[in-house]
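Structure assessment
In case you want the letters, here they are:
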Amino acid sequence: MHTGQCLCGQVTFTIDAEPLGARACWCRDCQRIASGSATINVLFPEVAVVYTGEIGTIAMTADSGNTVERGFCPQCGAQLYSKTVEPAGMPMRVRAGTLDDPELMAPQSLIWVESAPSWAPLDFKIPHFEQGPDSTRINGDVQ
Amino acid sequence: MTAPYQGHCSCGAVSLEITSEPLWVRQCWCRQCRRIAASGPTNNALFMTDAMTVTGDVAWWDYEAASGNRIAHGFCATCGTQMFGRNAARDGAWVVRLGVLDDAGDLAPKSAIWTSEAPDWATIDPDLEQFEHQPPLPPRKD
């Protein structure tokens with residue numbers, strides 16, 4: 001069982017599953033909510049993640065074209081998660097920083113690298129994708 | 001790209017304009033920043049507030065930071081985008097989260113602080129000046 005919370009503690013959560021993966025997203029909208037960094041996201045089956053407390057949500061169309069719901073704590077503004085409403089069935093992205101063990105899983109790939117700022121220190125030991133995880137891979141044969 | 005800078009939160013409910021250049025830009029790996037900002041680091045530009053115009057509903061949360069300073073985070077009440085940071089030790093200046101600027105131009109972090117709390121897999125530009133904890137405040141001019 002993994003646990004986590006927002007900064008102020010108003011929202012807590014448990015996750016009764018192991019991560020399906022982890023990745024960093026440099027899309028422009030993630031940079032906006034992540035104070036200029038990539039969001040670092042640990043992926044879990046949505047049914048395994050249980051939040052307690054009041055959560056603010058906002059729906060948006062992501063750069064991928066998918067309809068996404070983002071959750072945040074309305075008291076401290078901590079970014080909590082992103083989940084894809086349409087198409088359904090995709091893993092939920094839990095912001096790694098909200099996990100009590102934020103190092104549970106290191107990012108395995110970088111996505112939307114085409115919109116990363118020029119100064120971003122990208123880790124070339126892991127795969128880079130121009131856009132989403134199914135887009136063109138741009139850093140060779142690293143697995 | 002130089003001042004004026006424009007910016008907004010993710011949903012557009014809060015917007016800002018800044019008519020001066022920042023005093024500094026640096027990134028922070030502290031645990032609190034990583035909790036609020038989708039895992040961090042936060043990248044922060046310190047601007048004088050008298051050069052800043054903010055429109056829209058900003059919510060604030062304040063707490064005692066790892067540095068011991070009283071810190072307040074300002075975020076969009078509608079979408080939660082982290083936008084501002086106030087520090088009781090810095091009169092008349094707020095940090096603006098770099099991601100909310102529509103075009104940050106040449107603004108980029110020049111130092112990294114609280115690197116002691118960065119994850120093992122963090123990539124930190126070796127050219128940045130690095131501090132394991134909070135850097136000392138510069139001497140006051142008054």
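Everything below is about the structure printed above this text.
What comes next is a walk through the structure. Keep in mind that what you see is a predicted model, and the values were worked out from it rather than measured. (Residues numbered from 1 in each chain as written. Chains lettered and ligands numbered in written order. Predicted model: local features only at pLDDT ≥ 70, side-chain atom pairs only at ≥ 80, totals over all residues.)

1. Comments concerning the overall build of chain A
When you go through chain A residue by residue, the secondary structure sums to 1 helix and 10 strands. The order of α-helices and β-strands along chain A, N terminus first, is β-β-β-α-β-β-β-β-β-β-β. Here chain A has a C-alpha radius of gyration of 15 Å; the compact-globule value for 143 residues is 15 Å, and the two agree. The C-alpha extent of chain A, read off along each of the three principal axes, is 45 × 30 × 30 Å. Relative to its 143 residues, chain A shows a buried fraction of 43%. At a minimum sequence separation of 6, the contacts of chain A that also span at least 24 residues come to 50%. (Helix = DSSP H or I, 4+ residues; strand = E, 2+ residues; numbered from the N terminus. Rg over C-alpha atoms; globule rule 2.2 N^0.38 Å. Buried ≥ 20, exposed ≤ 12 C-beta atoms within 10 Å, placed from the backbone. Contact = placed C-beta atoms within 7 Å.)

2. Looking at the sheet that holds strand 10 (residues 109-111) of chain A
Residues and elements named next belong to chain A. An order of 6-7-8-9-4-3-10 is seen for the 7 strands of this open sheet, with the pairing classed as mixed. The open sheet has two edge strands with one neighbour each: strand 6 (56-61) and strand 10. Between one strand and the next, the sheet's axes are offset by a mean angle of 30°, whatever the strand orientation. Looking at chain direction, strand 4 (residues 39-44) and strand 9 (residues 92-95) are connected through 4 bridges and run antiparallel. Considered in strand 9, the bridge of V42 is made with V94. (Pairing = 2+ DSSP bridges. Axes fitted to C-alpha atoms, helices over the stretch in contact; angles between N-to-C directions.)

3. Considerations on the pairing of strand 1 (residues 2-5) of chain A
In regular strands, side chains alternate between the two faces of the sheet. Residues and elements named next belong to chain A. With 4 bridges joining them, strand 1 and strand 2 (residues 12-15) adopt antiparallel strand pairing. Bridged to H2 within strand 2 is I15. The hairpin turn running from strand 1 into strand 2, its antiparallel successor, is 6 residues long, and G9 in that turn takes a positive phi close to 90°.

4. A look at the sheet that holds strand 2 (residues 15-18) of chain B
All names here are of chain B. Taken in spatial order, the 3 strands line up as 1-2-5 in an open sheet, and their pairing is antiparallel. Both outer strands of the open sheet, strand 1 (5-8) and strand 5 (52-55), are each paired with one neighbouring strand and no more. Strand-to-strand, the axes of this sheet are offset by a mean angle of 10°, without reference to chain direction. As paired strands, strand 1 and strand 2 are joined by 4 bridges and run antiparallel to one another. Paired with H8 across the two strands is S15, which belongs to strand 2.

5. Points about unusual backbone geometry
Leave glycine aside and you will find that most residues have negative phi; peptide bonds, for their part, are mostly trans. In this chain, E86 of chain A is followed by P87 of chain A through a cis amide linkage whose omega measures 5°. Position of P87 of chain A relative to the elements: it lies in the loop between strand 8 (79-86) and strand 9. Following A3 of chain B, the chain continues to P4 of chain B via a peptide bond in cis, the omega torsion being 5°. One non-glycine residue, A38 of chain B, lies in positive phi territory at about 55°. Relative to the helices and strands, A38 of chain B resides in the loop between helix 1 (31-36) and strand 4 (42-48).

6. Describing the interface of chain A and chain B
Contact residues are listed per partner, giving 35 residues for chain A and 34 residues for chain B. Mapped onto the side of chain A that touches chain B, the elements with two or more residues apiece are helix 1 (28-33), strand 4 and strand 6 of chain A. For the side of chain A that touches chain B, the leading source of residues is helix 1 of chain A, giving 5 residues. Broken down by class, the residue content of the side of chain A that touches chain B amounts to 19 nonpolar, 11 polar and 5 charged. (Nonpolar A, V, L, I, M, F, W, Y, C, P; charged D, E, K, R; others polar.)

7. Some words on the nonpolar core
Membership of the largest hydrophobic core comes to 48 residues, with the highest contact counts inside it found for C25, W26, C30 and A78 of chain A. Excluding anything up to four places from it in sequence, W26 of chain A contacts Q31, A38, L110, W112, V113, S115, A116 and A120 of chain A. Counting 21 residues, the second largest nonpolar core, distinct from the first, contains I18, F75, M83 and V95 of chain B. (Core = buried A, V, L, I, M, F, W, Y, C linked by C-beta atoms within 7 Å.)

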